[in-house]
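One letter stands for each residue in the lines below.
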Amino acid sequence: MSAVAEQVKLSASWKAVLGEEFEKPYMVSLKQFLIQEKAAKKTLYPKSDVIFSALDHIDFNKVKVVILGQDPYHGPGQAHGLCFSVPPSIPAPPSLKNIFKEMNQDVGTENGVNGCLTSWAEQGVLLLNSVLTVERGQAASHQNKGWEEFTDVVIQHLNQSREGLVFMLWGAYAQKKGQFIDGQKHLILKAPHPSPLSAHRGFFGSQHFSQTNQYLSQHGSVAINWQLPA
């Protein structure tokens, strides 16, 4: 493993898969960009020690489900490295509220006390944003800086090295990013994004949570307990 990869806060199973990526020009450029942004006194989210939190929560070989997001939340205290999730002390944003609404209708869960999805991650749900950092108050500010290439590699490795995964692709952005996933090896579920602007166009009623568990059970995996802690 490269010396650069050794310095990155990332779990061992993912370093074994992704270690060489940190030496590539696009990642070197991305690192320099982030250093320059911090030097310019810009506030970046999430905090640097949880940028790779989605990967750190799950061993590469234990991923069961992949939910693709776009960018981290850009409000104070919201982003903590898991797409759509917020820390326990932060109110659930509108898209997350709609996810809960569909989940409750689909599998009969009740809302937990907060919008933290860590319990999903601990069961094998990879909550992966396409872009892993953002400037405070500036949505999409770190797009096209290199993160998309890195997270494409994550998806490619899962697609190639694993079988029987479920990919939940919500919205055109996620669906485009997942275009190279092999539908013969994995279950691909597509729906509009859960944002208030589009959830009524087919996210509500999509039944992705029950379909996911049915598929996992049929392929010898333990189903996900979507119920968040009370």
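For the structure itself, consult the block above.
Below, the structure is looked at part by part.

Conventions adopted
- Residues numbered from 1 in each chain as written.
- Predicted model: local features only at pLDDT ≥ 70, side-chain atom pairs only at ≥ 80, totals over all residues.
- Heavy atoms only, no water.
- Salt bridge = Lys/Arg side-chain N within 4 Å of Asp/Glu carboxyl O.
- Helix = DSSP H or I, 4+ residues; strand = E, 2+ residues; numbered from the N terminus.
- Buried < 20%, exposed > 50% of the residue type's maximum accessible area, 1.4 Å probe, protein only.
- Phe/Tyr/Trp six-rings, centres within 6.5 Å; stacked < 30°, edge-to-face > 60°.
- Pairing = 2+ DSSP bridges.
- Axes fitted to C-alpha atoms, helices over the stretch in contact; angles between N-to-C directions.
- Contact = heavy atoms within 4.5 Å.
- Parallel < 35°, antiparallel > 145°, perpendicular 65-115°, else oblique.
- Nonpolar A, V, L, I, M, F, W, Y, C, P; charged D, E, K, R; others polar.
- Expected span 1.5 Å × (residues − 1).

Tallied over the full model, the rule gives four salt bridges. A salt bridge links E135 to K42, with the shortest nitrogen-to-oxygen separation between them at 4.0 Å. Placement of E135 in strand β4 (residues 134-135) and of K42 in the loop between α3 (25-39) and β1 (44-45) is noted, with a sequence separation of 93 residues between them. Judged by its relative accessible area of 18%, E135 falls in the buried class. Counted as one network, the salt bridges with shared partners bring together E37, K42 and E135.

Let us now look at the packing of aromatic side chains. Under the definition given, this model contains 13 aromatic pairs. For the pair F52 and F150, a centre-to-centre distance of 5.8 Å together with 65 degrees between the ring planes defines the contact as edge-to-face. You can see F52 sitting in the loop between β1 and α4 (53-56) and its partner F150 sitting in helix α7 (residues 147-161), a full 98 residues away along the chain. When sorted by exposure, F52 lands in the same class as F150, which is buried. Note on W120 and W226: the rings are 4.9 Å apart at their centroids and 85 degrees apart in plane angle, and the pair reads as edge-to-face. Highlighted residues: W120 in helix α6 (residues 118-121) and W226 in the segment after α9 (208-218), separated in sequence by 106 residues.

This brings us to the sheet that holds strand β5 (residues 166-170). Judged by pairing direction, the sheet is parallel, and its four strands sit side by side in the order β3-β2-β5-β6 without closing on themselves. This sheet does not close on itself; its edge strands, each paired only once, are β3 (125-129) and β6 (187-191). When strand polarity is set aside, the average angle formed by the axes of neighbouring strands in this sheet is 20 degrees. Here β5 runs beside β6; their pairing, made up of five bridges, is parallel. Along β6, the bridge assignment pairs W170 with A191. Of the strands in this sheet, β2 (65-69), β3 and β5 touch α7, which is tilted by about 150 degrees from β3.

For the pair helix α5 (residues 94-107) and α9, the least separation of the axes is 7 Å and the interaxial angle reads 55 degrees. In terms of orientation, α5 and α9 fall into the oblique class. Mapping the contact onto sequence places I99, E102, M103, D106 and V107 in α5 and H208, F209 and S210 in α9. Among the residues making up the contact of α5 with α9, the classes are represented as four nonpolar, two polar and two charged.

A word on α7. An α-helical segment advances 3.6 residues per turn. Residues three or four places apart therefore align on the same side. With 15 residues, α7 should cover 21 Å at 1.5 Å per step; its first-to-last C-alpha distance of 21 Å lies within 8% of that length. When α7 is considered as a whole, its buried residues turn out to be W147, E148, F150, T151, V153, V154, I155, L158 and N159.

This brings us to the environment of V166. Structurally, V166 is set in strand β5. V166 sits in the buried class, given a relative accessible area of 0%. In this structure, the C-alpha to C-alpha distance between V166 and Q214, residues 48 residues apart in sequence, is 11 Å. Excluding anything up to four places from it in sequence, V166 contacts K64, V65, V66, L187, L189, T212, Y215 and L216.

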